[in-house]
Amino acid sequence: MFEWMAWTTPVAVFFCCIVLMLAGMTVWEIKSPTTERRGFLPIATTRGDRLFIGLLAAAYLNLAFVGLSGVIAARLGLPEDPSIWYSFVASMLLLALILRKG
């Protein structure tokens with residue numbers, strides 16, 4: 001069923017983190033309903049809004065890294081493409097920043 005996708009360990013960890021975040025945010029929202037606030041994003045957002053925006057940003061960052069990893073390897077003179085773990089860590093940091101300050 002999932003043969004079409006390259007299920008590497010970083011991809012599986014990334015999707016597991018998303019599922020855990022969605023479950024955690026659901027429980028948090030039930031226990032403590034959110035109110036809108038303004039951060040560095042140009043709109044007033046709730047926790048759910050910031051999670052959605054952060055997940056989109058994390059996905060785009062990962063896609064950009066995968067698409068540009070060959071260019072990165074060539075520019076830095078690396079013998080092979082850089083590990084996808086770098087983009088995973090960067091995307092989780094970006095997501096945390098958007099959730100906290102967005």
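Please read all numbers here as calculations on a predicted model, not as lab measurements. (Residues numbered from 1 in each chain as written. Predicted model: local features only at pLDDT ≥ 70, side-chain atom pairs only at ≥ 80, totals over all residues. Heavy atoms only, no water.)

## Quick word on helix H3 (residues 84–101)
Inference 1: Between its first and last C-alpha atoms H3 spans 26 Å; for 18 residues at 1.5 Å apiece the expected length is 26 Å, and the two agree.
Inference 2: Its buried side turned inward, H3 meets helix H1 (9–31) and helix H2 (47–76).
Inference 3: Here H3 starts with a cap whose side-chain oxygen sits 3.1 Å from the backbone nitrogen of Trp 85, and that cap is Ser 83. (Helix = DSSP H or I, 4+ residues; strand = E, 2+ residues; numbered from the N terminus. Expected span 1.5 Å × (residues − 1). Contact = heavy atoms within 4.5 Å. Polar contact = N/O pair within 3.5 Å; in protein donor to acceptor, adjacent residues only side chain to side chain.)

## What to know about the side chain of Asn 62
Inference 1: Within the secondary structure layout, Asn 62 lies in helix H2.
Inference 2: Ignoring anything within four residues of it in the chain, the contact list for Asn 62 reads Phe 14, Ser 87, Phe 88 and Ser 91.

## Focus on the packing of H1 against H2
Inference 1: Running from N to C, H1 and H2 point in directions that differ by 175°, and their axes come no closer than 11 Å. By the angle class used here, H1 and H2 are roughly antiparallel. Here Phe 14, Ile 18, Met 21, Leu 22, Met 25, Trp 28 and Glu 29 of H1 lie close against H2, whose contacting residues are Arg 47, Gly 48, Leu 51, Leu 55, Ala 58, Ala 59 and Asn 62.
Inference 2: The residue makeup of the contact of H1 with H2, split by class, is 10 nonpolar, two polar and two charged. (Axes fitted to C-alpha atoms, helices over the stretch in contact; angles between N-to-C directions. Parallel < 35°, antiparallel > 145°, perpendicular 65-115°, else oblique. Nonpolar A, V, L, I, M, F, W, Y, C, P; charged D, E, K, R; others polar.)

## Regarding the packing of H1 against H3
Inference 1: Here H1 crosses H3 at 15°, and the two axes come no closer than 9 Å. Of the possible angle classes, the one that applies to H1 and H3 is roughly parallel. The interaxial crossing formed by H1 with H3 has right-handed handedness. The residues of H3 that touch H1, namely those facing Thr 9, Pro 10, Val 13, Phe 14, Cys 17 and Met 21, are Ile 84, Trp 85, Phe 88, Ser 91, Met 92 and Leu 95.
Inference 2: Here the residues of the contact of H1 with H3 are counted per class, giving 10 nonpolar, two polar and no charged. (Left-handed = near helix turned anticlockwise from the far one by under 90°.)

## Observations concerning the environment of Leu 93
Inference 1: Within the secondary structure layout, Leu 93 lies in helix H3.
Inference 2: Measuring from C-alpha to C-alpha, the distance between Leu 93 and Gly 67 comes to 20 Å, with 26 residues separating the pair along the chain.

Shape is all these values report; function is a separate question.
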